[in-house]
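Descriptive structure summary
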Amino acid sequence: MRIGFDAKRAFNNYSGLGNYSRYVISNICRFYPENECLLYTPEIADKEIFRKPDGSFLKQPGRHPWNAKGSLWRSFRLTSRLMKDGVELFHGLSNELPYGIHRNKIRSVVTIHDLIFLEHPKFYKPVDRRIYLQKVRYGTRVANRIIAVSEQTKEDIIRFLDVDASRISVVYQGCSRQFYKKVTEPMLLDSHRRFALPSEYLLYVGTIEERKNLLKVVMAMHQGNIAVPLVVVGRKTDYFNQVKEYIQLHQVQNIHFLNQVQTNHLPAIYQASSGFIYPSSYEGFGIPILEALNSGVPVITSRGGCLEETAGKGGIFIDPLDQEEMIEAIRLILEDSALRDRLIREGGAHALKFREEQTIPALYNVYLQSIND
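Below is a short write-up of the structure. Bear in mind that the values here come from a model prediction, so they are computed numbers and not experimental data. (Residues numbered from 1 in each chain as written. Predicted model: local features only at pLDDT ≥ 70, side-chain atom pairs only at ≥ 80, totals over all residues. Heavy atoms only, no water.)

The next subject is the sheet that holds strand β4 (residues 89-92). Spatially, the seven strands line up as an open sheet ordered β3-β2-β1-β4-β5-β6-β7, and their pairing is parallel. Two strands lie at the open edges of the sheet, namely β3 (56-59) and β7 (168-170), each paired on one side alone. Across this sheet, the average inter-strand angle for adjacent strands is 25°, counted without regard to direction. Where strand β2 (residues 36-40) lies against β3, four bridges are found, and the strand directions are parallel. Note on β3: the bridge partner recorded for Cys37 is Ser56. Sitting on the sheet, helix α3 (residues 70-84) is in contact with β1 (2-6), β2, β3 and β4, with an inclination near 150° to β2. Docked against the sheet, helix α6 (residues 151-161) engages β5 (107-112), β6 (145-148) and β7, running at close to 165° with respect to β7. (Pairing = 2+ DSSP bridges. Helix = DSSP H or I, 4+ residues; strand = E, 2+ residues; numbered from the N terminus. Axes fitted to C-alpha atoms, helices over the stretch in contact; angles between N-to-C directions. Contact = heavy atoms within 4.5 Å.)

A few words now on unusual backbone geometry. Phi at Asp162 is positive, roughly 55°, even though this residue is not glycine. With respect to the helices and strands, Asp162 occurs in the loop between α6 and β7. Here Asp162 falls in the exposed class, since its relative accessible area comes to 69%. Here Gln251, not a glycine, exhibits a phi torsion of approximately 55°, which is positive. In this fold, Gln251 is placed in the loop between α9 (240-249) and β10 (255-258). (Buried < 20%, exposed > 50% of the residue type's maximum accessible area, 1.4 Å probe, protein only.)

The alternating pattern of strand β11 (residues 275-278) places Gly275 and Ile277 on one face and Phe276 and Tyr278 on the opposite face, and all of these are buried. Two strands pair when backbone bridges link them, and strand β8 (residues 202-205) and β11 are joined in this way by two bridges, in the parallel orientation. Along β11, the bridge assignment pairs Leu203 with Phe276. In this structure, β11 lies alongside strand β12 (residues 299-302), joined through three bridges in parallel fashion. Bridged to Tyr278 within β12 is Thr301. In this fold, the crossover linking β11 to β12 by way of helix α11 (residues 287-294) has right-handed handedness. (Right-handed = clockwise from strand over helix to strand, strands pointing away.)

With that out of the way, let us pick up the layout of surface pockets. Put simply, the second largest pocket is a space of about 180 Å³. Within the lining of the second largest pocket, the residues separate by chemical class into four nonpolar, four polar and four charged. (1 Å grid on protein atoms, 1.4 Å probe; cavity = no way out; pocket = protein on both sides within 12 Å on 5 of 7 lines; lining within 4 Å. Points joined across faces, edges and corners; volume = space filled by probe spheres on them. Nonpolar A, V, L, I, M, F, W, Y, C, P; charged D, E, K, R; others polar.)

Now for the side chain of Ser191. With respect to the helices, strands and loops of the structure, Ser191 is situated in helix α7 (residues 185-195). By relative accessible area, which is 3% here, Ser191 ends up buried. Setting aside residues no more than four positions away along its own chain, Ser191 makes contact with Ala196, Leu197, His265 and Ala268.

As paired strands, strand β9 (residues 230-233) and β10 are joined by four bridges and run parallel to one another. Note on β10: the bridge partner recorded for Val232 is Phe257. One crossover worth recording links β9 to the parallel β10 by way of α9, and it is right-handed.

Another point: the nonpolar core. Core analysis: the biggest nonpolar cluster contains 61 residues, and Phe5, Val24, Ile25, Ile28, Leu203, Phe276 and Tyr367 have the highest contact counts within it. Broken down by element, this core gets its largest block of residues, six residues, from helix α2 (residues 16-31). The residues touching Ile28, leaving out its near neighbours within four places in the chain, are Ile3, Phe5, Pro33, Cys37, Ile360, Leu363, Tyr364 and Tyr367. (Core = buried A, V, L, I, M, F, W, Y, C linked by side-chain atoms within 4.5 Å.)

With that settled, the discussion passes to the pattern of salt bridges. Taken as a whole and assessed by the stated rule, the structure comprises 17 salt bridges. Across the pair Glu96 and Arg74 runs a salt bridge whose closest N-O atoms are separated by 3.2 Å. Here Glu96, found in the loop between β4 and β5, pairs with Arg74, found in helix α3; they are 22 residues apart in sequence, far enough to count as distant. In this structure Glu96 comes out as buried when scored by relative accessible area, which is 9%. Residues Asp190 and Arg194 are paired through a salt bridge, measuring 3.4 Å at the closest nitrogen-oxygen approach. Within this pair, Asp190 and its partner Arg194 are both found in helix α7, separated by four residues, close to a single helical turn. (Salt bridge = Lys/Arg side-chain N within 4 Å of Asp/Glu carboxyl O.)

Set out below in structure tokens:
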């Protein structure tokens, strides 16, 4: 089978959608090498972020004037390119499909990660909401099969977009294999020196944006007189200014922001931490939680929704807006060794259900269903 992938985020995105794209592409190529995998991207921002798997083929725009702007090529010109390349199945890895794909014989699958822009519209500009809605409506309407990354996302697709449940398959995400193995002592020491890490710390990994509630974490650390530092890894948005303002106003000393962290350094940063906190108000899945579980780190995350699916028995669940509850959870993670040991043990067992040996065959089965519909 000749399979086409929307690989833009695999080659250009360091966060969740990029991680998912790299995970799917690399593992489909590894598990099912009898197929031809064609990777479509308008550009490559960083050649080190993703090395295309053996046996796959990179496909980029030609010299046609329409292709000068990559987003136009990806949305409106890609279908004709897929037909020319003889693609039999196309997988839209990030909530969308190229327009016109339903008018030809190419079968299609679209992964929907979340519908946060519909659940919490205040976090998005009106023009962005309109664009996202147009793309996700088209993708879910014309795709032969839809993949939801969690049961919550499936429920949201049905609720917001009125999609027949029989067309939706829940296939969980996984994380990079680099988180499966314990890092060596020299690697730990190198990370401590490179990033000036404290000897003990609580860890946050994720985009610094309002719905992920980093400010609430900083406030809890300050108001709870938590002496253990907080280390933060993530891309900064305008919301970072609110966090910075609070830190400066209250002269909070134990918050460390790491810059320019490459993905190959993350396992050591996770494994050296005393706990991981991810109190997001809403997610589609929460890959950083899975990274923490595989790293042998106990997790604090939000009660309800998909984050309970992801963390399982490896997490303490809180109301992310309840400061006292957050402070108590942080203290438990840092001070109760028996609880820590149990969360690490049960979280590690729970994480096995998200390994590629489980998720990739389930994903490939959706491909086969799409071809045979």
